[in-house]
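Chain by chain, the residues:
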Amino acid sequence: MYIANQNFARLPESYLFSEVARKIKEYKAASPHVDVIRMDIGDVSLPLPACVVEAMVKAAQEMGRSATFHGYGPEQGYPFLREAVAEYDYRARGIDCIEADDIFISDGAKSDLANLGDIFGQNLRPAVVTPAYPVYIDSNVLSGRGGTLQNGRWSGITYLPATPQHDFAPSLPAEGVSADVIYLCYPNNPTGAVITMERLRQWVEYARSHGALIIFDSAYEAYISTPGIPHSIYEVEGADEVAIEVRSFSKTAGFTGVRCGYTVVPRRLKFTFVDGTAANLNRMWSRRQCTKFNGVGYVVQRAAEALYTPEGREAIRENVGYYMRNAAMLRTTLLATGAEVSGGLDAPYVWFRPAEEGDSWTLFERMLHRHSISSTPGVGFGREGEGWLRLTGFNTEQLTIQACDRLRQP
Ligand code: MLT
């Protein structure tokens, strides 16, 4: 019986980071004496902040007593966490248009970025700034919007290349080019580039005048230190009518293994169904979550809530500072080796083209075999990434120092 989703056959066999992990495992099996320093997937190394652990223990104890036990929670997230997000991530930063009802707590940015496709029309055209986090394209391919793959390009996707010549800032789609749902990620994964307020305004203006929706992935906003760089798309007036924002606690608070993030689907978004009648994306996303998701566990949501206490916010500042010192170290070291380097200033990723050139997978193998450092091959983020590699600042300081020593060796 032809029951299998044909779109799976169209995708490359393995997900980028799984392929990288497989190659590292193979290498380690063949060279068991070598210590590989992991700088590929953006997985954090610092433990959970003490206030988070305390909140988890307290919540777990509540779960162990019948008077305070929690069963199914609201699919959209507990009000205490939705309120904390609205208060501290938006209102306290001068953004008044976002309220608790616009916020949906989830098990992380990756799932939401992939699942949002459920509330979009089948025949729309996604537009992706490349190089890009692979989930944007892969998830659209799985839901049938990819078309066919030729030369590293899906026929159903509009590509908005971000090149080093333009500081990795893509141009707006040219007139006549379709871009219905536009994926923007800033600070950018993988290039580490940031977007200026003026440029972000132009994107919002574009979306408003062309009936497009922006999905703004701001999972790395806490890493911005340059004043004036926007942390949220809702800093731009009118963005709440055209943009969804996706965030994560993974990279700021060590939640890669805990799993918690949130997505903002404002009630003011203005879109229609194909027959022209008004659609309420906020209600649709809520409906989607009710059908397919039972919400994030109570213990995890209490853990995330603790990040909004003074201790929690201080812990995030410390974590971010720690990883950014690592990223800066990598950036300086790579520059000294003659590599062309982006990122590592307002983002935990360092994106570079080594002086000794090659295609990305050759560079990946060379880095692994010569320096015992694992990286992510740039081409895994799209054709524009060919010849580039990505390293992360998320390992420990000690191992980052060691990695820099290795990188200085010929
Ligand atoms: C990355 O390395 O790009 C991210 O860690 C992947 C992710 O967040 O899923």
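The structure we're discussing is the one just above.
For clarity, every value in this text was computed on a predicted model and none was experimentally measured.

A short note on the overall build of the protein chain
Counting its secondary structure elements, the protein chain contains 13 helices and 17 strands. For 410 residues, the compact-globule estimate of 2.2 N^0.38 gives 22 Å, and the protein chain sits close to it at 21 Å. Its C-alpha atoms give the protein chain principal-axis dimensions of about 60 × 55 × 55 Å. Here the protein chain, with 410 residues, has 54% of them falling under the buried criterion. The long-range fraction of contacts in the protein chain, counting pairs at least 24 apart against all pairs at least 6 apart in sequence, stands at 71%. For the protein chain, the exposed surface amounts to about 18,200 Å²; the carbon and sulfur share of it is 52%. Each charge class in the protein chain can be summarised by its mean position, and for the 40 positive and 47 negative side chains these summaries are 3 Å apart.

Side note on the pattern of salt bridges
Enumeration according to the criterion identifies 24 salt bridges in this entry. Close ionic contact of E221 with R93 constitutes a salt bridge, the shortest N to O distance being 3.0 Å. Note that E221 is positioned in the loop between β8 (213-217) and β9 (243-248) and R93 in the loop between α4 (79-90) and β2 (103-106), a separation of 128 residues in sequence. Accessibility expressed as a relative area gives 9% for E221, which makes it buried. Within this structure, R93, E221, E245 and R247 form a network of salt bridges that share partners.

What to know about the site of the ligand
Neighbouring residues of the ligand: F17, I41, G42, Y133, N189, Y220, K251, Y349 and R390. Contact between the ligand and G42: an oxygen atom at 2.6 Å from a main-chain N or O atom of the residue. The contact in question runs from an oxygen atom of the ligand to an N or O atom on the side chain of N189, over 2.8 Å. Relative to its unbound accessible area of 270 Å², the ligand is 85% covered by the protein chains.

Some remarks on the state of the cysteines
Under the criterion given, the structure shown has 0 disulfides. With no disulfide of its own, C290 lies closest to C260 among cysteine sulfurs, the gap being 17 Å.

Some words on the pairing of strand β3 (residues 126-130)
The side chains of a regular strand alternate, first on one face of the sheet and then on the other. Taken across its 5 residues, β3 has 5 buried, putting it largely inside the fold. Burial along β3 is two-sided: the residues P126, V128 and T130 and A127 and V129 are all buried. Where β3 lies against strand β6 (residues 158-161), 4 bridges are found, and the strand directions are parallel. Its bridge partner being in β6, V129 is matched across the sheet by L160.

Notes on the pairing of β2
Of the two faces of β2, the one carrying I103 and I105 and the one carrying F104 and S106 are both buried. Note: β2 against strand β10 (residues 261-264), 4 bridges, orientation antiparallel. Following the sheet pairing, I105 is matched in β10 by Y262.

What to know about the sheet that holds β9
Paired through their backbone hydrogen bonds, the strands of a sheet run either parallel or antiparallel. Across the sheet, which stays open at both edges, the 7 strands sit in the order β2-β10-β9-β8-β7-β3-β6 with mixed pairing between neighbours. The open sheet terminates on both sides in strands that have one partner only, identified here as β2 and β6. Looking at each pair of strands side by side, their axes are set apart by 20 degrees on average, direction ignored. Where α4 meets the sheet, it contacts β2, β9 and β10, and its direction lies at approximately 115 degrees from that of β2.

Overview of the nonpolar core
In this structure, I182 and F255 are the most contacted members of the largest nonpolar core, which totals 128 residues. Per-element accounting of this core gives the leading share, 8 residues, to helix α11 (residues 310-336). Those residues within four positions of I182 in sequence are excluded, and the remaining contacts are A127, L160, W203, Y206, A212, L213, I214 and I215.

Points about helix α2 (residues 16-30)
The end-to-end C-alpha separation of α2 is 22 Å, in line with the 21 Å expected for 15 residues at 1.5 Å each. Turning to α2, its buried residues number three or more, namely L16, F17, E19, V20, K23, I24 and Y27. When α2 is viewed along its axis, its buried side chains cluster within an angular range of 160 degrees and face the same direction. Counted as exposed and oriented over 90 degrees from the buried face of α2: K25 and A29.

Observations regarding the sheet that holds strand β16 (residues 376-377)
Taken together, 4 strands build an open sheet; the order of strands is β13-β14-β17-β16 and the sheet is antiparallel. Of all strands in the sheet, those bounded by a partner on one side alone are β13 (340-343) and β16. Its contacts with the sheet place helix α12 (residues 360-371) against β14 (349-353), β16 and β17 (389-392), and it is angled at close to 45 degrees to β17.

What counts, and where the lines are drawn
Residues numbered from 1 in each chain as written. Predicted model: local features only at pLDDT ≥ 70, side-chain atom pairs only at ≥ 80, totals over all residues. Heavy atoms only, no water. Helix = DSSP H or I, 4+ residues; strand = E, 2+ residues; numbered from the N terminus. Rg over C-alpha atoms; globule rule 2.2 N^0.38 Å. Buried < 20%, exposed > 50% of the residue type's maximum accessible area, 1.4 Å probe, protein only. Contact = heavy atoms within 4.5 Å. Areas by Shrake-Rupley, 256 points an atom, 1.4 Å probe, with all protein chains shown as cover. Lys, Arg positive; Asp, Glu negative; His and termini not counted. Charge placed at Lys NZ, Arg CZ, Asp CG, Glu CD. Salt bridge = Lys/Arg side-chain N within 4 Å of Asp/Glu carboxyl O. Near = heavy atom within 4 Å. Polar contact = N/O pair within 3.5 Å; in protein donor to acceptor, adjacent residues only side chain to side chain. Disulfide = S-S within 2.5 Å. Pairing = 2+ DSSP bridges. Axes fitted to C-alpha atoms, helices over the stretch in contact; angles between N-to-C directions. Core = buried A, V, L, I, M, F, W, Y, C linked by side-chain atoms within 4.5 Å. Expected span 1.5 Å × (residues − 1). Arc of directions from axis to C-beta.

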